Amino acid sequence: MAVFLNRFLQCRGPVAALGRTVGRREASLCTDTGAAVRVRFAPSPTGFLHLGGLRTALYNYIFAKKHHGSFILRLEDTDQTRLVPGAAENIEDMLEWAGIPPDESPCRGGPAGPYRQSQRLELQEQVAQKLATGPKPAIRFRLKEEVPAFQDLVYGWNQHEVASVEGDPVILKSDGFPTYHLACVVDDHHMGISHVLRGSEWLVSTSKHLLLYQALGWQPPRFAHLPLLLNKDGSKLSKRQGDIFLEHFVAAGFLPDALLDIITNKNQIGRTLPELITQFDLTRITCRSALLDLEKLPEFNRLHLCRLVSNETQRRQLLGKLEALVEEAYGSQLQDRAVLDPAYLERIVLLRQGHFCRLQDLVSPVHSYLWTRPAVGRAQLGAISEKVDVIARSVLGLLERLGMSLTQDVLNRELKKLSEGLEDTKHSNMMKLLRQGPPVAEMMVSLGAKEVRERIQKVLSS
């Protein structure tokens, strides 16, 4: 039988009707002057990390770094029936991938551990029994009408008279596991959490949590409830959408910075994580839900990829990834493994900079000419023009004159002159003989003089 808890609470601050915001003021960001900022991202491992969770984690990370504080990952796994195998590991792995690793976590450890709520059951039960009149299999928390108002750092003054619309919540279940309401209060207190940044769906529950803080005689943290991240049509992000999980974006070749940029987008594009930290101001977050347009993600990724290509150190890292992609896509078809040479890969990346959105685009079928030689015989080329040999030798002579330094402008001009100097040869037919993908000059510059000569000589000797 549940034990009902009684306590008398004094209400402070403006009073409002049920669930109504009483007015917004700029609140001090710190609970106590000089107190260390400690925030937590506390997901339930009932699924893999998705964009909505990433955004909440990012705001916590940015807030912590902005105020020289600590960012903590705590897994709220008290609902054992809904746990998904591998989800706990996935959440921490994806935070690492995104470049926002926790300072304290189940894997990293820390001074306030353990960081799984299921490993903190003894503490939860001790607190619950302090509130109860005697040991019972389940404990409820009696909600009173006198609910304190609180000043949310995003939504302003709020008061939610939960007792008039909700039953008294269970805080400790008969299996010994706490419910969310008790666990988050106890763990936030004992972990020294100074600010709770979480989704606006928890705004109404905050009044319940404040009543628990009062009953326990603890100072509550400051609260900032973040507006929801919605699809561009205004519908809610759903776990049933397979494309909102971070694993999808990792596999598709999107960059972490592009995702962090788009989920915090305020009509700006191309911002890095350090820039997000510098620009961050919690008081400027509005109560309106944010709309996410994933159709723009390739453009975000293109800009961030250009930035990486422009940096020599980061470009070298990209070359290693591109080499692995080429091996995976064309491994058995590579007639010449010189295409995996870092110098060749670097030329490709620099020449195509700004023209591809993901590294994967460079190994798509449209770019196969960069990695494999065409299986085209003299007979096929002869159907285009009878002067295959003449054209081929003329182009070889042109390459000898131009040397190794090829540019598209020079090649376009010289190829035009070359076709005009060949009797009964249309420029368009000559281009058809040479083309295997993009415009001829662009293709020749990408491949380089040496590779172009070898391909032409192979046709002449066939």
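Attention in this report is confined to the structure presented alongside it.

Definitions and limits used
Along each chain, residues carry numbers from 1 onward, in the same order as the chain's sequence is written. Local features in this predicted model are restricted to residues of pLDDT 70 or higher, and side-chain atom pairs are both shown and tallied only at a pLDDT of 80 or more, whereas totals for entire chains, interfaces and linings draw on every residue. Values reported for side chains reflect all heavy atoms of the structure, with hydrogen atoms and water molecules removed beforehand. Secondary structure follows DSSP: runs of H or I at least 4 residues long count as helices, runs of E at least 2 residues long count as strands, and numbering of each begins at the N terminus. Partly exposed residues are those whose accessible area sits between 20% and 50% of the maximum for their type, while under 20% is buried and over 50% is exposed, using a 1.4 Å probe and protein chains only. Contacts are assigned to residue pairs with any non-hydrogen atoms lying within 4.5 Å of each other. Only the protein chains shown count as covering a residue, and every accessible area follows the Shrake-Rupley method with a 1.4 Å probe. Salt bridge, as used here, is a side-chain nitrogen of Lys or Arg placed within 4 Å of a carboxyl oxygen of Asp or Glu. Pairing of aromatic rings covers Phe, Tyr and the six-membered ring of Trp, with a centre-to-centre limit of 6.5 Å; geometry is then stacked below 30 degrees between planes, edge-to-face above 60, and tilted otherwise. Note on criteria: charge over ring means Lys NZ or Arg CZ within 6 Å of the ring centre, with the direction from the centre no more than 35 degrees off the ring normal. Directions are taken from the helix axis to each C-beta atom, and the arc is the one they span. As used in this record, nonpolar core signifies buried Ala, Val, Leu, Ile, Met, Phe, Trp, Tyr and Cys residues forming a set joined through side-chain atoms within 4.5 Å. A helix is expected to reach a length of 1.5 Å times the quantity of its residues less one. For two strands to be treated as a pair, DSSP must find no fewer than two bridges joining them. Seen with the strands pointing away from the viewer, any crossover whose path from the first strand over the helix to the second strand runs clockwise is right-handed.

**Brief notes about the overall build of the chain**
Here's step 1: From N to C terminus, the chain includes 17 helices and 11 strands.
Here's step 2: For the chain, the proportion of its 462 residues judged to be buried stands at 51%.
Here's step 3: Once local pairs closer than 6 in sequence are excluded, the contacts in the chain between residues at least 24 apart make up 78%.
Here's step 4: Approximately 21,800 Å² of the chain is accessible, and the part contributed by carbon and sulfur atoms is 51%.

**Remarks on the pattern of salt bridges**
Here's step 1: Counted under the stated rule, the structure contains 28 salt bridges.
Here's step 2: The salt bridge involving Arg373 is made with Asp336; its shortest N-O contact spans 3.4 Å. Here Asp336 lies in the loop between helix 10 (312–330) and helix 11 (342–351) and Arg373 lies in the loop between helix 11 and helix 12 (378–382), a separation of 37 residues in the sequence.

**Some points on the packing of aromatic side chains**
Here's step 1: Taken as a whole, this structure holds six aromatic pairs when the rule is applied.
Here's step 2: Judged by centre distance (6.0 Å) and plane angle (80°), the rings of Tyr344 and Trp371 are edge-to-face. Placement of Tyr344 in helix 11 and of Trp371 in the loop between helix 11 and helix 12 is noted, with a sequence separation of 27 residues between them. In this structure, Tyr344 and Trp371 share a single accessibility class: buried.
Here's step 3: The lysine or arginine in question, Arg358, covers the ring of Phe254, its NZ or CZ lying 6.0 Å from the ring centre.

**Examining the side chain of Arg352**
Here's step 1: Positionally, Arg352 belongs in the loop between helix 11 and helix 12.
Here's step 2: The contacts of Arg352, once residues within four sequence positions are left out, are Leu362, His367, Glu442 and Ser446.

**Focus: helix 15 (residues 427–434)**
Here's step 1: Buried within helix 15 we find Met430, Met431, Leu433 and Leu434. All buried residues of helix 15 project into a common sector of 155° when viewed along the axis, lining one side.

**Overview of the nonpolar core**
Here's step 1: By size, the foremost hydrophobic cluster in this structure holds 135 residues, and its most contacted members are Leu51, Ile100 and Trp371.
Here's step 2: For this core, the element with the highest residue contribution is helix 1 (residues 51–66), accounting for nine residues.
Here's step 3: With residues near it in sequence (within four places) discarded, Trp371 still touches Leu322, Val326, Tyr330, Leu334, Val339, Tyr344, Leu345, Ile348, Leu362 and Val363.

**Observations concerning helix 2 (residues 87–98)**
Here's step 1: Taking 1.5 Å of rise per residue, the 12 residues of helix 2 would be expected to cover 16 Å, and the 16 Å separating its terminal C-alpha atoms lies within 8% of that figure.
Here's step 2: Among the residues making up helix 2, those that are buried are Ala87, Ala88, Asn90, Ile91, Glu92, Met94, Leu95 and Ala98.
Here's step 3: Check the buried side of helix 2 and you find it contacts strand 2 (38–41), helix 1, strand 3 (70–73), helix 6 (246–252) and helix 7 (256–263).
Here's step 4: Looking at the residues trailing helix 2, positive phi occurs at Gly99, about 85°.

**Here's the deal with the pairing of strand 2**
Here's step 1: Neither face of strand 2 is left uncovered, since the one carrying Arg38 and Arg40 and the one carrying Val39 and Phe41 both have all their residues buried.
Here's step 2: Of the pairings in the sheet, the one linking strand 2 to strand 3 comprises four bridges and is parallel in character. When the bridges of strand 3 are listed, Phe41 appears paired with Leu73.
Here's step 3: Considered for its hand, the β-α-β crossover made up of strand 2, helix 1 and strand 3 is right-handed.

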